[in-house]
Amino acid sequence: MLHLLKLCVGPKEVAELAAGQARRAALDPPLRHQTRMMPKRAAELVEGGSLYWVLSGAIRVRQRILEVREERWDDGSLCAGLVLDPELVLLEPRPQKPFQGWRYLEAAAAPPDAPRGSAAASGLADLPPALRRELEALCLL
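Computed from a prediction, not measured in an experiment: that's the story for all the values here.

Thresholds applied
Residues numbered from 1 in each chain as written. Predicted model: local features only at pLDDT ≥ 70, side-chain atom pairs only at ≥ 80, totals over all residues. Heavy atoms only, no water. Helix = DSSP H or I, 4+ residues; strand = E, 2+ residues; numbered from the N terminus. Rg over C-alpha atoms; globule rule 2.2 N^0.38 Å. Buried < 20%, exposed > 50% of the residue type's maximum accessible area, 1.4 Å probe, protein only. Contact = heavy atoms within 4.5 Å. Pairing = 2+ DSSP bridges.

### A short note on the overall build of the protein
Move 1: Along the protein, the regular secondary structure elements total four helices and seven strands.
Move 2: When the helices and strands of the protein are read in sequence order from the N terminus, they spell out β-α-β-α-β-β-β-β-β-α-α.
Move 3: Taken against the 2.2 N^0.38 rule, which gives 14 Å for 141 residues, the C-alpha radius of gyration of the protein at 15 Å falls within 12% of a compact globule.
Move 4: Out of the 141 residues belonging to the protein, those deemed buried represent 38%.
Move 5: Expressed as a percentage of contacts within the protein between residues at least 6 apart in sequence, the contacts between residues at least 24 apart total 68%.

### Quick word on the pairing of strand β3 (residues 50–55)
Move 1: Most of β3 is tucked away: six of the six residues are buried.
Move 2: Here β3 shows a buried face lined by S50, Y52 and V54 and a second buried face lined by L51, W53 and L55.
Move 3: As paired strands, strand β1 (residues 2–7) and β3 are joined by four bridges and run parallel to one another. Across the sheet, K6 pairs through a bridge with W53, a residue of β3.
Move 4: Taken together, β3 and the strand that follows it, strand β4 (residues 58–72), pair antiparallel across an intervening segment of two residues, in which S56 is found at a positive phi of about 50 degrees.

If you want it as structure tokens, here you go:
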């Protein structure tokens, strides 16, 4: 299985990403992310692959890639449209340095999903986002 890794520009938290995607999906369905380069391995991505989002310096969440299609930007130039499942799956955060564009991510290198309900049960979801990021950076979470 093959995945994509992409920096999330703008939102710093998963809730911000979810809210922005919900607005975009309501205005122009289906939910998709447009990117300049068309993945050459698109067929592998739609066979169960996900888009792994880097938020605030860590890989935090993923979404299944349902389709990769050719689209156009507003100026008419070609781009890739990654049609995404709206469900955001939380991950065990893994630090990630910034990079440009997207990267292929092999399944063996992908961070595991967080156990369902683990953040809520432990109280981590109640921490202020900046404090949680600082504790993660110090490897205390």
